Amino acid sequence: MAETHNSETHNGPDDEGKRDFIHLAAGAAAAGAVGAVAWPLVAQMGKAADTLAAGSIEIDLTKVAEGQQLKMLWRGKPVFVRHRTAAEIAEAENTDISDCPDPQTDDERLVPDNAGNLRPEFLVMVGVCTHFGCVPVGEAGDFDGWYCPCHGSHYDTSGRIRKGPAPTNMAIPPYTYISENVIKVG
Ligand code: FES
């Protein structure tokens with residue numbers, strides 16, 4: 001609940017975006033009643049004021065424990081940083097993408113670090129359903145990833161749409177590793 005309140009204090013760039021976010025926060029709360037995970041709220045870290053003004057945020061990956069998800073606001077939209085478990089990674093990598101409405105390998109949804117290595121434990125996504133913009137609930141749905149309660153879209157552990165009306169996978173925002181454990185989104 002605290003997370004919802006906090007989100008409303010970070011106004012998006014336009015009224016429409018704010019309405020969507022509030023609407024979705026309500027959807028997530030409703031889903032919480034059936035046992036969905038409440039994401040830990042981690043305060044904006046680092047250079048909050050200047051980086052937000054520049055349209056970018058820095059995220060310390062060490063703050064996200066395995067099996068947890070951090071949700072932050074970036075340009076008025078939620079960004080999920082999921083520290084995936086080995087089982088979640090295996091599920092994402094072993095999916096036959098020919099069955100996916102928006103075929104994309106798990107590797108294609110990751111950005112390499114400065115050494116050129118993929119870090120599959122960290123999945124970074126724009127946490128917005130590609131149907132009508134609700135915020136999906138984590139660790140839910142038929143594919144153990146995210147579930148959008150608004151109209152029933154199911155995303156897998158890579159954030160790929162697998163079932164329901166959403167047309168495409170959840171988006172990957174532009175981000176880079178600026179050190180071993182810090183990424184910059186935007
Ligand atoms: S907004 Fe997510 S299923 Fe419609």
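Note that this is a predicted model, so its numbers are computed, not measured.

### Some points on helix 4 (residues 86-93)
Of all the positions in helix 4, only Glu88, Ile89 and Ala92 are classed as buried. The arc that holds the buried residues of helix 4, viewed along the axis, is 100°, so those residues lie on one side. For helix 4, the exposed residues set more than 90 degrees away from the buried face come down to Ala86 and Ala87. Contact partners of the buried residues in helix 4: strand 3 (77-83).

### Side note on the packing of aromatic side chains
Per the counting criterion, the structure on display carries two aromatic pairs. Taking the centre distance of 6.3 Å and the plane angle of 15° together, the rings of Phe80 and Trp146 count as stacked. Highlighted residues: Phe80 in strand 3 and Trp146 in strand 6 (residues 144-148), separated in sequence by 66 residues. Pairing Tyr175 with Tyr177 gives two aromatic rings, centres 6.4 Å apart and planes at 55°, and the pair type is tilted. Here Tyr175 matches Tyr177 in class, with each residue buried.

### Details of the state of the cysteines
All chains considered together, the criterion is met by one disulfide. Between the sulfur of Cys134 and that of Cys150 lies a disulfide, 1.9 Å long from S to S. On the sign convention where negative is left-handed, the bridge of Cys134 and Cys150, at about -100° about the S-S bond, is left-handed. Of this pair, Cys134 sits in the loop between strand 4 (122-126) and strand 5 (137-140) while Cys150 sits in the loop between strand 6 and strand 7 (153-156), and the two are 16 residues apart along the sequence. In this structure Cys150 comes out as partly exposed when scored by relative accessible area, which is 24%.

### Some points on the nonpolar core
Ile59, Val81, Val124, Ile183 and Val185 are the most contacted members of the largest nonpolar core, which has 16 residues in total. Among the elements of the structure, strand 1 (57-60), strand 2 (69-74), strand 3, strand 4, strand 9 (175-179) and strand 10 (182-185) are those that each provide at least two residues to this core. In contact with Ile183, other than residues within four places in its own chain, are Ile57, Glu58, Ile59, Leu61, Val124, Tyr175, Thr176, Tyr177 and Ile178. Among the nonpolar cores identified, the runner-up in size contains 13 residues, and Leu110, Leu123, Cys129 and Val135 belong to it.

### A short note on the confidence of the model for the protein chain
For the protein chain, the mean per-residue pLDDT works out to 81, and 71% of the residues sit at or above 70. This model gives residues 1-48 a pLDDT under 50, and the stretch forms 55 contacts once residues within four places in sequence are excluded.

### A closer look at the side chain of Arg109
Topologically, Arg109 is positioned in the loop between helix 4 and strand 4. One buried charge, Arg109, has no salt-bridge partner; the nearest side chain with opposite charge is Asp106, at 5.5 Å. A polar contact is formed between the side chain of Arg109 and the backbone oxygen of Gly159, at a distance of 3.4 Å. Non-local contacts of Arg109, meaning those with residues more than four positions away in its chain, are made with Gln104, Leu123, Met125, Ser158, Gly159, Arg160, Asn169, Met170, Ile172 and Tyr175.

Basis of the calculations
- Residues numbered from 1 in each chain as written.
- Predicted model: local features only at pLDDT ≥ 70, side-chain atom pairs only at ≥ 80, totals over all residues.
- Heavy atoms only, no water.
- Buried < 20%, exposed > 50% of the residue type's maximum accessible area, 1.4 Å probe, protein only.
- Helix = DSSP H or I, 4+ residues; strand = E, 2+ residues; numbered from the N terminus.
- Arc of directions from axis to C-beta.
- Contact = heavy atoms within 4.5 Å.
- Phe/Tyr/Trp six-rings, centres within 6.5 Å; stacked < 30°, edge-to-face > 60°.
- Disulfide = S-S within 2.5 Å.
- Core = buried A, V, L, I, M, F, W, Y, C linked by side-chain atoms within 4.5 Å.
- pLDDT = per-residue confidence, 0-100.
- Lys, Arg positive; Asp, Glu negative; His and termini not counted.
- Salt bridge = Lys/Arg side-chain N within 4 Å of Asp/Glu carboxyl O.
- Polar contact = N/O pair within 3.5 Å; in protein donor to acceptor, adjacent residues only side chain to side chain.

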